[in-house]
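Residue-level structural notes
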Amino acid sequence: MQIQKNAPIGVFDSGLGGISVLRELARLMPAEDFLYFGDDRNAPYGVRPESQVLELTRAGVGRLFDAGCKAVVLACNTATAAAVVPLRALWSHRILIGAEPAIKPAIRDGHRKIGVLATSTTLSSRRFGDLAKALGTEAQILPIPAPGLVELIEARVWAGSALDHFLHGILDAPLLQGIDALVLGCTHYPFVRDAIKAVSGGLPLYDGNAGIARQTCRLLAEAGALRETGQGSVTFLECGQSADFFRIAQELIRLEKGKV
Ligand code: DGL
């Protein structure tokens, strides 16, 4: 099947988190058009069973392909954990990129006791279990579920004492003593990077967003479908989201990485 070079790239998340990926994609591929679908009617995904996340993700990705997207980025670790394997089988002739907690770059930088902050669904998934097992020979991997953090970020709590208090409740656990790096294994979390950095005492933080953008660019180039000239755009797919969603989304897309 011929991929249309001028078609948009779809970006999918349960809500606003995928905008942290979208910013990297747009930075690396400024000539591309992006169509963003944040399924905030069904967010958060990270507390749902994998079977539900799979169904919701299948519906969201289907909408983006139906809208003519030449590739879809699952800008969501939870959706990737639950759905990327079956959806790649379903759309075997299409480009579908997933998100994975950035443990490998942390190991590459020499860290040996690594906390992975992510949703409960991601951390309990087989996909994460396999990754942690494969990399567990090189470093100690500590899963840190953060139920409630996505909800705070969706509610626009990006800084302040309530957020700090919440983060202390998660990161001060005795089990986490001595960790030397933290992986942000949910695409919402880069929006509270500064608070996580401060509360964790300045630990190095890793997210996979730049890697997702590079992989997307590479796959499109290999397919001869990368747009390299012109000025791209970002469009938000409307699908019953709250009016607030679009206002906050516009605000987030304008902000510089790490400066939320
Ligand atoms: N942004 C999603 C992720 O990367 C999580 C969002 C949710 O729980 O809905 O895992």
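Everything below is about the structure printed above this text.
Described below are features of the structure shown in this document. (Residues numbered from 1 in each chain as written. Predicted model: local features only at pLDDT ≥ 70, side-chain atom pairs only at ≥ 80, totals over all residues. Heavy atoms only, no water.)

Another point: empty space enclosed by the protein. The final tally for this structure, using the stated rule, is five cavities of 30 Å³ or more. Roughly 80 Å³ of volume is contained in the largest cavity. Lining the largest cavity, in full, are Pro 44, Gly 46, Val 47, Thr 119, Ser 120, Ala 146, Pro 147, Gly 148, Leu 149, Val 150, Glu 151 and Tyr 189. The greatest single-element share of the lining of the largest cavity, amounting to three residues, is contributed by helix H7 (residues 149–154). (1 Å grid on protein atoms, 1.4 Å probe; cavity = no way out; pocket = protein on both sides within 12 Å on 5 of 7 lines; lining within 4 Å. Points joined across faces, edges and corners; volume = space filled by probe spheres on them. Helix = DSSP H or I, 4+ residues; strand = E, 2+ residues; numbered from the N terminus.)

A word on the sheet that holds strand E9 (residues 233–236). Read across the open sheet, the five strands follow the order E4-E3-E1-E2-E9; overall the sheet is parallel. Two strands lie at the open edges of the sheet, namely strand E4 (95–97) and E9, each paired on one side alone. Averaged over all pairs of adjacent strands, the angle between strand axes in this sheet comes to 20°, irrespective of strand direction. Of the pairings in the sheet, the one linking strand E2 (residues 33–38) to E9 comprises four bridges and is parallel in character. (Pairing = 2+ DSSP bridges. Axes fitted to C-alpha atoms, helices over the stretch in contact; angles between N-to-C directions.)

A word on the environment of Glu 238. Counting through the fold element by element, Glu 238 comes out in the loop between E9 and helix H11 (243–254). The spacing of Glu 238 and Gly 38 is 200 residues in sequence and 8.8 Å in space, taken between C-alpha atoms.

Tallied over the full model, the rule gives 10 salt bridges. Here Glu 55 ties to Arg 58 by a salt bridge, and the two come within 2.9 Å at their closest N and O atoms. Taken as a pair, Glu 55 and Arg 58 lie in helix H2 (residues 50–66) at a separation of three residues, close to a single helical turn. We classify Glu 55 as partly exposed; its relative accessible area is 42%. Take Arg 58: its relative accessible area is 32%, and that puts it in the partly exposed class. For Glu 100, the salt bridge goes to Lys 104, with nearest N and O atoms at 3.5 Å. Judged by its relative accessible area of 34%, Glu 100 falls in the partly exposed class. Linked through salt bridges whose partners overlap, the residues forming this network are Arg 156, Asp 244, Arg 247 and Glu 251. (Salt bridge = Lys/Arg side-chain N within 4 Å of Asp/Glu carboxyl O. Buried < 20%, exposed > 50% of the residue type's maximum accessible area, 1.4 Å probe, protein only.)

Residues in contact with the ligand amount to 13 residues; listed here are only the nearest, Ser 14, Tyr 45, Gly 46, Asn 77 and Thr 78. A distance of 2.6 Å is found between an oxygen atom of the ligand and a side-chain nitrogen or oxygen belonging to Ser 14. With respect to the ligand, the backbone of Tyr 45 contributes an N or O atom lying 2.5 Å from an oxygen atom. Contact with the protein chains hides 99% of the accessible area of the ligand, taken as 300 Å² for the molecule alone. Looking at the shell around the ligand residue by residue, the classes come out as five nonpolar, seven polar and one charged. (Near = heavy atom within 4 Å. Polar contact = N/O pair within 3.5 Å; in protein donor to acceptor, adjacent residues only side chain to side chain. Areas by Shrake-Rupley, 256 points an atom, 1.4 Å probe, with all protein chains shown as cover. Nonpolar A, V, L, I, M, F, W, Y, C, P; charged D, E, K, R; others polar.)

Along helix H8 (residues 161–171), the residues classified as buried are Leu 163, Leu 167, Ile 170 and Leu 171. Along the axis of H8, the buried residues cluster in a sector spanning 80°; they form a single face. Facing away from the buried side of H8 by more than 90 degrees, the exposed set consists of Ser 161, Ala 162, His 165 and Gly 169. The inward-facing, buried residues of H8 contact strand E5 (113–118), strand E6 (140–145), H7, strand E7 (181–184) and helix H9 (193–199). (Arc of directions from axis to C-beta. Contact = heavy atoms within 4.5 Å.)

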